[in-house]
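# Report on the structure
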Amino acid sequence: MIPRQVETMKRSGMQPVARRTSSGRIHSPTRERILELVGSADQGLALTAIAATTGLHENTVRAHLEALLEDGYLLRKAAEATGRGRPAWIWFPAETQESTYAALASALAEQLVHSADDPRAASIAAGRRWGQSLGTGPEATHFPAQPAETLVLNSLEAMGFAPAVSEDHSITLNACPLIGAAEKNPGIVCNVHLGMVRGLLESAGTSSEGTELKPFASKHTCQLELPLSSQGQQ
């Protein structure tokens, strides 16, 4: 989730999803603070400005910036040279990362619409295979030995859906990492996400029957219903 999305969620009263490193660890408050600072600066920020604002040593800030660059959260470009020596780096949020993947998702969705005899069924099937691989592949090592509903929630959180569970166990998805593609082709993208949840449940040994996703149940959220069997495992 990019910094601008986080700020929008804060203004609306939603709790932003916890962002993670490429190894699956939740960001520290310091790393999140640096991301928010860079994301709030229209012209980007130099390391010295970030260090002055946070009160951290420049070496500490540099280590965080390099890690955020490697994980794909930040971009950098050289500042305009003003004298001798190497120009400083100016840091920016990597907002283009989301739009690139959204464009790819839109292109794949369009292809599925025109090539599949039953686009909805094909979308769910593709999502189910994805979810099963998430629940049993290398990614699953981040969330070992969990009840089915917990596995789904943690996976959705890590992907950027910002899930919130109500008292009746219905799940509100407060964000979507592919919102542009979903708005353009909800019949494809949202059904891929539905299939993904079903596949996650099945990877945990739980029936996915009764799992439903209501895209754009409200203006800014989607609603996910899980089968009672997965909720009872908590």
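Residues numbered from 1 in each chain as written. Predicted model: local features only at pLDDT ≥ 70, side-chain atom pairs only at ≥ 80, totals over all residues. Heavy atoms only, no water.

Within the protein chain, the secondary structure is distributed over 10 helices and 7 strands. Sorting the 234 residues of the protein chain into buried and exposed places 42% on the buried side. Here the analysis covers contacts within the protein chain between residues at least 6 apart in sequence; of these, 53% occur between residues at least 24 apart. (Helix = DSSP H or I, 4+ residues; strand = E, 2+ residues; numbered from the N terminus. Buried < 20%, exposed > 50% of the residue type's maximum accessible area, 1.4 Å probe, protein only. Contact = heavy atoms within 4.5 Å.)

To continue, consider the sheet that holds strand S1 (residues 45-46). Taken in spatial order, the 3 strands line up as S1-S3-S2 in an open sheet, and their pairing is antiparallel. The outermost strands of the open sheet, each flanked by one partner alone, are S1 and strand S2 (74-78). Examined bridge by bridge, S2 and strand S3 (residues 89-93) share 5 bridges and lie antiparallel to one another. Within S3, the residue paired with Leu 75 across the bridge is Phe 92. Of the strands in this sheet, S2 and S3 touch helix H4 (residues 58-70), which is tilted by about 110° from S2. (Pairing = 2+ DSSP bridges. Axes fitted to C-alpha atoms, helices over the stretch in contact; angles between N-to-C directions.)

Moving on, we get to the nonpolar core. Judged by nonpolar contacts, the single largest core of 28 residues is most densely connected at Val 152, Leu 156, Val 197 and Leu 224. Elements supplying a minimum of two residues to this core: helix H5 (95-115), helix H6 (119-136), helix H7 (148-159), strand S5 (171-173), helix H8 (179-184), helix H9 (186-203) and strand S7 (222-225). No other element matches the 8 residues that H9 contributes to this core. Once residues lying within four places of it in the same chain are set aside, the contact partners of Val 197 are Val 152, Leu 156, Thr 211, Leu 224 and Leu 226. Counting 15 residues, the second-largest nonpolar core is a separate cluster that includes Leu 35, Leu 45, Ile 50 and Val 61. (Core = buried A, V, L, I, M, F, W, Y, C linked by side-chain atoms within 4.5 Å.)

On to the side chain of Ser 170, then. If you trace the backbone, Ser 170 turns up in the loop between strand S4 (163-165) and S5. Take Ser 170: its relative accessible area is 5%, and that puts it in the buried class. Within the local environment of Ser 170, its side chain forms a polar contact with the side chain of Ser 166, the two groups lying 2.6 Å apart. Side-chain polar atoms of Ser 170 contact the side chain of Gln 223, separated by 3.2 Å. When neighbours within four sequence positions are excluded, Ser 170 is seen to be in contact with Ala 164, Val 165, Gln 223, Leu 224 and Glu 225. (Polar contact = N/O pair within 3.5 Å; in protein donor to acceptor, adjacent residues only side chain to side chain.)

The next point concerns the sheet that holds strand S6 (residues 212-214). An order of S4-S5-S7-S6 is seen for the 4 strands of this open sheet, with the pairing classed as antiparallel. What marks the edges here is a single partner per strand, and that holds for S4 and S6. Mean inter-strand twist for the sheet, computed between neighbouring axes without regard to direction, equals 25°. Note that S5 and S7 share 3 bridges and pair antiparallel. Within S7, the residue paired with Ile 171 across the bridge is Leu 224. Each of S4, S5 and S7 is contacted by H7, which is oriented at about 145° to S4, the strand it contacts most. Against the sheet, H9 touches S6 and S7, its axis set at about 150° to S6.

Such coordinate-based values are descriptive only and should not be taken to indicate function.
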